[in-house]
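# Understanding the architecture of this molecule
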Amino acid sequence: MLDKIESAIETLSPAETRVAVWLSGHPRQGLDASLAQVARAAGTSEPTVVRFCRSLGLAGFRELKIRLAESLSRPEGYVHRDVLPDDSAADAAGKVIDSAIRALIEVRRGISGLPLDDLVEAMAGARQLVFAGLGASGQVARDARQKFFRLGIPCSLATDEPTILQSAAIANANDLYLFVSHTGARGDLVRAAGMARAQGACVVAVTDGTSVLAREATYLLDSRSTEDTNLYTPMASRLAQLVLLDAVQVGLALRMGDEAAAKLRAAKLAL
């Protein structure tokens, strides 16, 4: 939760930023404080604190305190540590693994708030599933397509801008488009998501819940990460995306029951 607060600061209003800054510096006090006490300490109003909670995708102040408690109880070994130039290969490997563990724990903590049941129903009734992403996210989309098509639902893949845009332009109301993006800020992806929705298609975004792309989604699978991808290709964030999509595929298979089991069996036997 503390990482989520810090990463959201740039998107908050000035008054909400004061709440974020105070909580980042005083997490244990915030855990024990009332709504009025947090507002007073941050130099703002109670409604602003509530708006701050909602800007983070939380239901309200009570959920904020729950998430803070979870963050403060996290084992120290799960805290991400950046790889330094003088690290040994073994130390760097440990830090990479710690980062992956942390990303998966964050996904697990947020799973109850995701619209998985509704999404599975939408997928079960779709004419086709279109998986779209660019760069490293395109590889996640490719992996998902490889798994979902075995359930017998027509699936397609779009991993370059022209294909993504053209596919969205001719979307059908019975199609489901799933966009994967670490930042949710790529202009062509956001544009394509809007085009697909305008055509009546269902749009799913696996991305940062505070991003522009997230606002275009019918269903959001929030996979925000504090991983810095300016220097390195996404690693821990990619694992979070893969796990989320694996979970959806399993949920869809359960929803389809014997039909899915027969398709999976046939696909396996074909090899």
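A short tour of the structure in this document, coming up. (Residues numbered from 1 in each chain as written. Predicted model: local features only at pLDDT ≥ 70, side-chain atom pairs only at ≥ 80, totals over all residues. Heavy atoms only, no water.)

With that out of the way, let us pick up the overall build of the chain. Within the chain, the secondary structure is distributed over 14 helices and five strands. The C-alpha atoms of the chain give a radius of gyration of 20 Å, which matches the 18 Å a tight globule of 271 residues would have. C-alpha extents for the chain along the principal axes are approximately 60 × 45 × 35 Å. Residue burial in the chain is summarised as follows: out of 271 residues, 41% are buried. Considering only intrachain contacts with a sequence separation of at least 6, the fraction spanning at least 24 residues in the chain is 65%. Surface accessibility of the chain: about 13700 Å² in total, with carbon and sulfur atoms responsible for 53%. (Helix = DSSP H or I, 4+ residues; strand = E, 2+ residues; numbered from the N terminus. Rg over C-alpha atoms; globule rule 2.2 N^0.38 Å. Buried < 20%, exposed > 50% of the residue type's maximum accessible area, 1.4 Å probe, protein only. Contact = heavy atoms within 4.5 Å. Areas by Shrake-Rupley, 256 points an atom, 1.4 Å probe, with all protein chains shown as cover.)

As a further point, take helix α6 (residues 61–72). If you check α6, its first and last C-alpha atoms are 17 Å apart, about what 12 residues at 1.5 Å a residue would give, namely 16 Å. Taken together, the buried positions of α6 are Phe61, Glu63, Leu64, Arg67, Leu68 and Ser71. The buried residues of α6 occupy an angular sector of 155 degrees when the element is viewed end-on, so they sit on one face. Looking at the buried side of α6, the elements it contacts are α1 (2–8), α2 (14–25), α3 (27–32), α4 (35–42), α5 (46–55) and α7 (89–110). (Expected span 1.5 Å × (residues − 1). Arc of directions from axis to C-beta.)

So, on to the packing of aromatic side chains. Under the counting rule described, the total for this entry stands at two aromatic pairs. Ring geometry for Tyr177 against Phe179: centres 6.2 Å apart, planes inclined by 20 degrees, an arrangement best described as stacked. (Phe/Tyr/Trp six-rings, centres within 6.5 Å; stacked < 30°, edge-to-face > 60°.)

In spatial order, the strands read β2-β1-β3-β4-β5; together these five strands make up an open sheet with parallel pairing. This sheet does not close on itself; its edge strands, each paired only once, are β2 (155–158) and β5 (219–222). Going across the sheet, the axis of each strand differs from the next one's by a mean of 15 degrees, ignoring polarity. Relative to strand β3 (residues 175–180), strand β1 (residues 128–133) runs parallel, the two being bridged by six bridges. If you follow Gly133 over to β3, its bridge partner there is Val180. Across the sheet, helix α8 (residues 116–124) is in contact with β1, β3, β4 (202–207) and β5; its angle to β5 comes to roughly 125 degrees. (Pairing = 2+ DSSP bridges. Axes fitted to C-alpha atoms, helices over the stretch in contact; angles between N-to-C directions.)

Turning our eyes to something else, we now look at the packing of helix α13 (residues 236–256) against helix α14 (residues 258–269). Packing of α13 against α14 leaves a shortest axis separation of 5 Å and a crossing angle of 115 degrees. Facing Gln249, Ala253 and Met256 of α13, the residues of α14 in contact are Asp258, Glu259, Ala260 and Leu264. In the contact of α13 with α14, the residues fall into four nonpolar, one polar and two charged. (Nonpolar A, V, L, I, M, F, W, Y, C, P; charged D, E, K, R; others polar.)

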